[in-house]
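Coordinate inspection notes
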Amino acid sequence: MLASGTGTNLQAILDEVHGRDGIEVVCVASNKPDAPALRRAADAGVETGVFERAEFADRETRDRAMGDWLEERDPGLIVLAGYMELLSDAFVERFRDRAINIHPALLPSFPGLDAVGQALDHGVKVTGVTVHFVDEGVDSGPIILQRAVAVPDDRDRDALEREIHRVEHELLPEAVRLIAAGTVSFDAANPRVVRLGSGS
Ligand code: GRF
């Protein structure tokens, strides 16, 4: 997994799927040495690695080192759980269809930073959560799961964020379980369309 921040989504994965159904979180990498997510991983006995941008010549070099470190641990899937830096195209290509991200909005609305603030500023009545495959764009890859969250009438940001987090903590483990179960595939006619389950 990759995480830069608080790591509540990482925690949800550790609590809900780690060590079950043959799923194991093998390692957590971060670009932030002080990310609380690293402490959560260590507390769960999961190996951690730090790849700070400043320690490398450029982002591509950092991403290559981080990719090597990840690949040595042989992950079936790379989960971005609040990883707050763009990944280089080479990293995306290397882990094509093997990396997923969670975003606090109903994509393609409100990609990028502060999706909750963007949604509130836009005045939407409904926003939500998206889990998607990672591609070269910003939050633009094929969508795996989405769930709507109603904006409260009083537009209270804290309440909306709490509800979005609650939904995130269900949706990301669910996506990992589906992928691990082998029930996620791409539509042959349109690879933007992710199919869930054998008959869908
Ligand atoms: C989440 O809202 C996620 O959607 C976004 O970054 C946030 C990470 O939160 N990509 P946490 O570190 O998992 O608590």
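Structure report, in brief. (Residues numbered from 1 in each chain as written. Predicted model: local features only at pLDDT ≥ 70, side-chain atom pairs only at ≥ 80, totals over all residues. Heavy atoms only, no water.)

**Focus: the site of the ligand**
Around the ligand sit Gly5, Thr6, Gly7, Thr8, Asn9, Gly82, Ile102, His103, Pro104, His165 and Glu168, and that is every residue in its neighbourhood. Here a nitrogen atom of the ligand and a backbone polar atom of Ile102 are 3.0 Å apart. Between Glu168 and the ligand, the recorded distance is 2.3 Å, taken from a side-chain N or O atom to an oxygen atom. Relative to its unbound accessible area of 370 Å², the ligand is 86% covered by the protein chains. Secondary-structure elements contributing two or more residues to the shell around the ligand are helix 1 (8–16), strand 4 (99–103) and helix 6 (157–180). A per-class count over the shell around the ligand returns two nonpolar, eight polar and one charged. (Near = heavy atom within 4 Å. Polar contact = N/O pair within 3.5 Å; in protein donor to acceptor, adjacent residues only side chain to side chain. Areas by Shrake-Rupley, 256 points an atom, 1.4 Å probe, with all protein chains shown as cover. Helix = DSSP H or I, 4+ residues; strand = E, 2+ residues; numbered from the N terminus. Nonpolar A, V, L, I, M, F, W, Y, C, P; charged D, E, K, R; others polar.)

**Some points on the sheet that holds strand 3 (residues 78–80)**
If you trace the four strands from one edge of the open sheet to the other, you get 3-4-5-6, paired in mixed fashion. In this open sheet, the two strands that pair with only one neighbour each are strand 3 and strand 6 (143–150). Within the sheet, the average angular offset between the axes of one strand and its neighbour, ignoring direction, is 15°. Strand direction decides the pairing type here: strand 3 and strand 4, joined by three bridges, are parallel. Looking at the pairing, Ile78 lines up with Ala99 of strand 4. Of the strands in this sheet, strand 3, strand 4, strand 5 (126–133) and strand 6 are in contact with helix 6, which crosses strand 6 at around 155°. (Pairing = 2+ DSSP bridges. Axes fitted to C-alpha atoms, helices over the stretch in contact; angles between N-to-C directions. Contact = heavy atoms within 4.5 Å.)

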